[in-house]
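# Fold and contact review
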Amino acid sequence: MTTAPPSAAPERRRVAVRGLVQGVGFRPFVFTLATELGLAGSVTNTGEGVLAEVEGSPEAVAAFCRRIVSDAPPLADVTAVEHRTLAPTGTPGFVITPSRPDDGPHRTLIPPDTATCTDCLAELADPADRRYRHPFISCTNCGPRHTIVTALPYDRANTTMAAFAMCPDCTREYTDPGDRRFHAQPVACHTCGPTLSLSVPGLPVLDGEEALAEARRLIACGAVLAVKGIGGYHLACDATNADTVALLRRRKRRGDKPFALMARDLQQLRALARSGAVRLGPVEEEVLTGKVRPIVLLRRGPSRPPELESAAPRSPDLGVMLPYTPLHHLLLAPPGPALLVMTSANLSGEPIVTDDQEALTRLAPLVDGWLTHNRAIHVPCEDSVVRMVDADLLPVRRSRGYVPLPVPLPLPVRPALAAGGDLKNTFALAQDGYAWLSAHIGDMDDLATLKAFDRAVEHLGAVTGVQPEVLVVDRHPGYRSARHVRRTARGREVREVQHHHAHIASVMAEHGLDGTRPVLGLAFDGTGYGTDGAVWGGEVLLADYRGFCRTARLGYVPLPGGDATVARPYRMALAHLWAAGLPWSAGLAPVRACPPDELRLLSQQLERSVNCVPTSSMGRLFDAVSALAGICQKAGYEAQAAIELEAAALAHGPQDRPEGDYAFELVDEDGVLIADPGPLIAAVVADARAAAPPGLIATRFHAAVVALVRAVCDRSRQHHGVRTVALSGGVFANALLSSACAHALAQDGFTVLRHRRVPPNDAGLALGQLMVAARADT
């Protein structure tokens, strides 16, 4: 008679999990997994992540440790797992224990806000479901996260949902390990959750379904409403009502800057694509319908529906998104407008409005009513904006849905704060191997934005545990971001990083380069303070994290009057004509656009070199060519002239692209290749005098810039042996130019690096600033 071998002694192990593991259903997942494997123990949240203790057979414990990574919830991202063997206790059962907020430094990852999932949408539309038409429906897999967190660990008590006591039904779901809402912190329903209200001047306040119905009616009748979302207020109106869109544009002092649109569903966007209004491919559809739901810049098609032209006049793109909250789905449901303008509720350049009382005062001149709710927004977060370039995602604004996810760094860094730039400000905190970039802050030109910057630094520091020892700023002596950080340094070291060096370093960091080998960096933008005091912006840099040298640049031309010229492209065109020795002929568009008195003063200013800093800016060259082609003389928003120049080239089509028609003159000055734009400007003038179509001028100009890029990169490779090219700066948000340069350089045998995780504009500066500062420590 044989006997069964004795079973192995039970094993107990403590498992610490770090990464994106709070607010994503990780504790319920651990509970279910441990129960399935017959393990006893517990799981809890800590300031570092999730901590589990499991006890059972060695085989079951080993399986638990494998599957805690391989089978993690969809929204989770496990970055590290640490194990430690403990003495078995013999205590039966597995439980979720209260969080341990004081357990070490806070370094867990808070998930971003996530679009409403398909399960919640099905319940939202089901009359038999108790959350039918509940504007705040959510579960473990979707809903607000980052914008409602007030402290760590991520528990309901540390969110703005703490103000809403759960009803018995929600409590039952919240405590049931088998329920989709088990420990889902934003869980609520009609009985116990936030409520809608509609305020219209002179009328009684409406609540709930009445508020929603009246809001839909008002929008259909041409009203502009302030609509409270998860990261701030939007201004909403019927996108097909040209009169209302024009009214909103005037109220917001928007100029011609395009508005973002929200479509009812993907079918609505496909209908626009079938009509020829936009180009919509499978990659764009995937991004539009994913869990982030950013604004996606879709290329305009050959059809220009007049009812949509007022939303994005003369723009090559239409910025569209799909509903990402239950309220959006309810607001856009038929009948009623299927396409809404949905733009940030603020005056241009100011921070987005999040506070209810502030919304009633600051937004009063802009709106006809307020559709709001009583769940507080703790962290402002604007919509993200992306575009597709060669089937790859290019961020234009990295905010909701991406923040506060960290960006991994190729080098460890001391605890640091990088302040970014003054336009499109985004700062970053970093420590060890990760950087946390903030949401979009705004332009640092008023007190409200500076206060928003300070609040965001404080909150991001609280949720990441980073206490900066080093502060990093742009070298520009007039940047408000730099001055503000210096004022609040409190004795900490402040380091300066040159603007275009930071641009190139940010691309290098995205691609995981450790900086041991230099790259050839093309930094093309509008403005950056150069080491010689000039305004740079058309730079070719041989760069690593330690430093850089210029191998090529655009030739200097005077920038008369600084910001005045940025807002009036005709002035930049006149400056380029003057620098090229070309007359200001009366028939040229920028000469006609310039008032006679200003023309006379500008001539004297250039002749005497009064307030005329030299610039090598590629962005300003785009402005000048746009004005000479008769496309844009006054810019109502940043980069308008360049955007409309790109639109003209796209509309012209692929025909008539002779690369040799326009060309820069290349001159070697002490080893630096200077690209003189004078001959190109002369060719543009000749075409303009011959009444060439603006689209032809725009097409030939883009081809000339691509030819210049090929020439300077080939020359730099011959001299320095570098075969990797990094493209950065706001000019490379131009998809036509970025794609053409990348393809041409690849044909020439270069490895081309482009942005995929942070924007190429100044919103990506902070990442590069961090890496340059980090290398200084080694």
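Residues numbered from 1 in each chain as written. Predicted model: local features only at pLDDT ≥ 70, side-chain atom pairs only at ≥ 80, totals over all residues. Heavy atoms only, no water.

On to the overall build of the protein. For the protein, the helix and strand inventory stands at 24 helices and 29 strands. Expected size for 778 residues packed as a compact globule is a radius of gyration near 28 Å; at 28 Å, the protein falls within 12% of this value. Taken along its principal axes, the extent of the C-alpha atoms in the protein is 105 × 65 × 55 Å. The buried share among the 778 residues of the protein stands at 59%. Partitioning the intrachain contacts of the protein with sequence separation of at least 6 by distance along the chain shows that 71% fall at a separation of at least 24. In the form shown here, the protein has an accessible surface area of approximately 29,000 Å², with 54% of it arising from carbon and sulfur atoms. Considering the protein, the positive charge centre built from 78 side chains and the negative charge centre built from 82 side chains are found 1 Å apart. (Helix = DSSP H or I, 4+ residues; strand = E, 2+ residues; numbered from the N terminus. Rg over C-alpha atoms; globule rule 2.2 N^0.38 Å. Buried < 20%, exposed > 50% of the residue type's maximum accessible area, 1.4 Å probe, protein only. Contact = heavy atoms within 4.5 Å. Areas by Shrake-Rupley, 256 points an atom, 1.4 Å probe, with all protein chains shown as cover. Lys, Arg positive; Asp, Glu negative; His and termini not counted. Charge placed at Lys NZ, Arg CZ, Asp CG, Glu CD.)

As for its placement among the helices and strands, Glu-510 is situated in helix H14 (residues 499-510). Comment: no salt bridge for buried Glu-510; closest opposite-charge side chain is Arg-757, at 5.9 Å. A polar atom in the side chain of Glu-510 sits 2.6 Å from the backbone nitrogen of Arg-757. Leaving out residues up to four positions away in the same chain, Glu-510 has contacts with Arg-754, His-755, Arg-756, Arg-757, Val-758 and Leu-767. (Salt bridge = Lys/Arg side-chain N within 4 Å of Asp/Glu carboxyl O. Polar contact = N/O pair within 3.5 Å; in protein donor to acceptor, adjacent residues only side chain to side chain.)

With that settled, the discussion passes to the environment of Ala-452. Along the chain, Ala-452 falls in helix H12 (residues 447-464). Separated by 146 residues in sequence, Ala-452 and Pro-306 have C-alpha atoms that sit 38 Å apart. Ignoring anything within four residues of it in the chain, the contact list for Ala-452 reads Pro-351 and Ile-441.

A word on the nonpolar core. It is characteristic of soluble globular proteins that their nonpolar side chains tend to be buried jointly. Counting 66 residues, the largest nonpolar core has Leu-522, Met-618, Val-625, Phe-664, Leu-680 and Phe-701 as the members making the most contacts within it. Tallying contributions element by element places helix H22 (residues 694-720) first for this core, with eleven residues. Ala-52, Phe-94, Ile-148 and Ala-452 belong to the second largest nonpolar core, which has 54 residues in total. (Core = buried A, V, L, I, M, F, W, Y, C linked by side-chain atoms within 4.5 Å.)

Looking now at the UniProt feature "active site" (unreviewed entry) in the protein. As annotated by UniProt and renumbered to match this structure, "active site" (unreviewed entry) occupies Arg-27 and Asn-45. On the basis of their most widely separated C-alpha atoms, the annotated residues across 19 residues gather in one place, lying no more than 7.8 Å apart. Locating Arg-27 in the fold gives a position in helix H1 (residues 26-36). For Arg-27, the residues in contact, after removing those within four places along its chain, are Val-43, Thr-44, Asn-45, Val-50, Ile-96, Thr-97, Ser-99, Tyr-154, Asp-155, His-183 and Gln-185. (UniProt positions renumbered as here; feature names shortened; annotations may be inferred.)

Now for the packing of aromatic side chains. If you walk through the whole model with that rule in mind, you get eight aromatic pairs. Taken together, a centroid distance of 5.3 Å and an interplanar angle of 15 degrees make the contact between Phe-524 and Phe-732 stacked. Of this pair, Phe-524 sits in strand E21 (residues 519-529) while Phe-732 is found in the loop between strand E28 (724-728) and helix H23 (735-747), placing the two residues 208 residues apart along the sequence. Among the residues examined, Phe-524 registers a relative accessible area of 3% and is labelled buried. Relative accessible area serves as the criterion here: at 3%, Phe-732 is assigned to the buried category. Pairwise contacts between aromatic rings join Phe-31, Phe-94 and Phe-182 into one cluster. The ring of Tyr-324 carries Arg-400 above its face, with NZ or CZ at 3.4 Å from the centroid. Lying across the ring of Phe-750, Arg-717 places its NZ or CZ 3.9 Å from the centre. (Phe/Tyr/Trp six-rings, centres within 6.5 Å; stacked < 30°, edge-to-face > 60°. Lys NZ or Arg CZ within 6 Å of the ring centre and 35° of its normal.)

Counting buried residues along strand E1 (residues 11-20), seven of its ten residues qualify, which places the element largely inside the surrounding structure. Where E1 lies against strand E3 (residues 50-56), seven bridges are found, and the strand directions are antiparallel. Counted as the bridge partner of Arg-14 is Glu-53 from E3. The pairing of E1 with strand E4 (residues 77-86) spans nine bridges and is antiparallel. Looking across to E4, one finds that Ala-16 is bridged to Glu-82. (Pairing = 2+ DSSP bridges.)

This part is about unusual backbone geometry. A cis amide bond, omega -5 degrees, links Pro-334 with the succeeding residue Pro-335. Tracing the chain through its elements places Pro-335 in the loop between helix H10 (326-332) and strand E13 (339-344). Unusually for a residue other than glycine, His-183 sits at a positive phi of about 55 degrees. Note that His-183 resides in the loop between helix H4 (168-174) and strand E6 (196-199). A positive phi angle, near 55 degrees, is found at Arg-293, a position not held by glycine. Tracing the backbone shows Arg-293 in the loop between helix H8 (282-288) and strand E11 (295-299).

A word on the pattern of salt bridges. When the charged atoms of two side chains with opposite charge come close together, those side chains can pair. By the definition in use, this model includes 48 salt bridges. The salt bridge partner of Asp-368 is Arg-251, with a shortest N-O separation of 3.2 Å. Of this pair, Asp-368 sits in the loop between helix H11 (356-362) and strand E14 (369-373) while Arg-251 sits in helix H6 (residues 242-251), and the two are 117 residues apart along the sequence.

Two strands in a sheet stick together by hydrogen bonds in their backbones, pointing the same way (parallel) or opposite ways (antiparallel). The five strands lie next to each other as E4-E1-E3-E2-E5, forming an open sheet whose pairing is mixed. The open sheet is flanked by E4 and strand E5 (94-96), the only strands paired with a single partner. Taking the axes of each pair of neighbouring strands and ignoring which way they run, one obtains an average angle of 15 degrees across the sheet. Across the sheet, H1 is in contact with E1, strand E2 (40-45), E3, E4 and E5; its angle to E5 comes to roughly 175 degrees. This element, helix H2 (residues 58-70), spans E1, E3 and E4 of the sheet and lies at about 0 degrees to E1. (Axes fitted to C-alpha atoms, helices over the stretch in contact; angles between N-to-C directions.)

The N-to-C vectors of helix H19 (residues 618-628) and H22 enclose an angle of 155 degrees; their axes lie 11 Å apart at closest approach. Classified by the angle their axes make, H19 and H22 are roughly antiparallel. Every pair of crossing elements has a handedness; the one defined by H19 and H22 is right-handed. Along the contact surface, H19 presents Met-618, Leu-621, Phe-622 and Val-625, while H22 presents Ile-697, Phe-701, His-702, Val-705 and Leu-708. Split by residue class, the contact of H19 with H22 holds eight nonpolar, one polar and no charged. (Parallel < 35°, antiparallel > 145°, perpendicular 65-115°, else oblique. Left-handed = near helix turned anticlockwise from the far one by under 90°. Nonpolar A, V, L, I, M, F, W, Y, C, P; charged D, E, K, R; others polar.)

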